[in-house]
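# Working through the structure, step by step
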Amino acid sequence: MKKGVSFLVTVALVALVSSLASASDPSPLQDTCVAIDEPKDAVFVNGKFCKDPKLTVAEDFFFSGLDKPGNTSNAVASNVTTVNVEQIKGLNTLGISMVRIDYEPYGQNPPHTHPRATEILTVLEGTLYVGFVTSNTENRLISKVLNKGDVFVFPIGLIHFQFNIGKTNAVAIAALSSQNPGVITIANAVFGSDPPINPDVLTRAFQLDKSVVKYLQSRF
């Protein structure tokens, strides 16, 4: 095979493999890899310092308190109690985490994204209006009203939200496909960045008067 043809075939194969690939947390190569800050009693596995598996204990895989409501006395009238690798060190390399979300009546978990995880949410109490928006250029809203026992999935990286449309408190539990999903709350990131984004950028991007942009920036 000529060098030029061989190169083109290689490029085509790489493109094919790339189109089929997806990013996620790395698969573990051992039973446990409890995250540890102090490497004195650690082993180096999967590019991370981990507690020696012989020293792991039940507390490395345990969290208590998810039955307790979170404090919803804030601007959005909701609270997210997170259980990820920061709370359970044993989640390291396991590619999963969870949250409890509490909502006051008409409280919301405002539009946000998880850059590293798909989310699956179950309503335990109340009635939620939920949805996500597909990527450009379609930007299609996929939404539904959920009641107790209903389940909804938010695909990785897409903007999504939950809003309590009931007259009583609501509670949901969600699982996420990463030990540390990350969260980008849209309004906070755009209008509350540090340092602030130049108002001229946001004025044109959102088609708003500059005074409105400056007001929104002052709110975050």
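Residues numbered from 1 in each chain as written. Predicted model: local features only at pLDDT ≥ 70, side-chain atom pairs only at ≥ 80, totals over all residues. Heavy atoms only, no water.

Going by an unreviewed UniProt entry, the protein chain carries the name Germin-like protein and comes from Vitis vinifera. Quoted verbatim from the Sequence similarities (unreviewed entry) field of the UniProt record, the comment on the protein chain reads "Belongs to the germin family." You can read under Subcellular location (unreviewed entry) in the UniProt record for the protein chain the words "Secreted, Extracellular space, Apoplast". (UniProt positions renumbered as here; feature names shortened; annotations may be inferred.)

A word on the pattern of salt bridges. Applying the stated rule across the entire model yields seven salt bridges. In this structure, the salt-bridge partner of Glu 138 is Arg 140, at a minimum N-O distance of 3.3 Å. In this structure Arg 140 comes out as partly exposed when scored by relative accessible area, which is 44%. Between Lys 210 and Asp 200 there is a salt bridge, and its shortest N-O distance comes to 2.5 Å. Residue Lys 210 is located in helix α4 (residues 210-219), and its partner Asp 200 is located in helix α3 (residues 199-205); the two are separated by ten residues in the primary sequence. Under the relative-accessibility criterion, Lys 210 is labelled partly exposed at 34%. (Salt bridge = Lys/Arg side-chain N within 4 Å of Asp/Glu carboxyl O. Buried < 20%, exposed > 50% of the residue type's maximum accessible area, 1.4 Å probe, protein only. Helix = DSSP H or I, 4+ residues; strand = E, 2+ residues; numbered from the N terminus.)

A separate point is the pairing of strand β6 (residues 119-125). Looking at chain direction, β6 and strand β9 (residues 151-154) are connected through four bridges and run antiparallel. Looking at β9, one finds that Glu 119 is bridged to Phe 154. (Pairing = 2+ DSSP bridges.)

We now examine the layout of surface pockets. To find leftover empty space, one rolls a probe the size of a water molecule over the atoms. Computed from the structure, the largest pocket encloses a volume of approximately 370 Å³. Together, 22 residues line the largest pocket, and Val 80, Thr 82, Asn 109, His 114 and Val 183 are the ones closest to its centre. Residue assignment for the lining of the largest pocket shows that the elements contributing at least two residues are β3 (78-83), β4 (97-103) and β5 (108-113). (1 Å grid on protein atoms, 1.4 Å probe; cavity = no way out; pocket = protein on both sides within 12 Å on 5 of 7 lines; lining within 4 Å. Points joined across faces, edges and corners; volume = space filled by probe spheres on them.)

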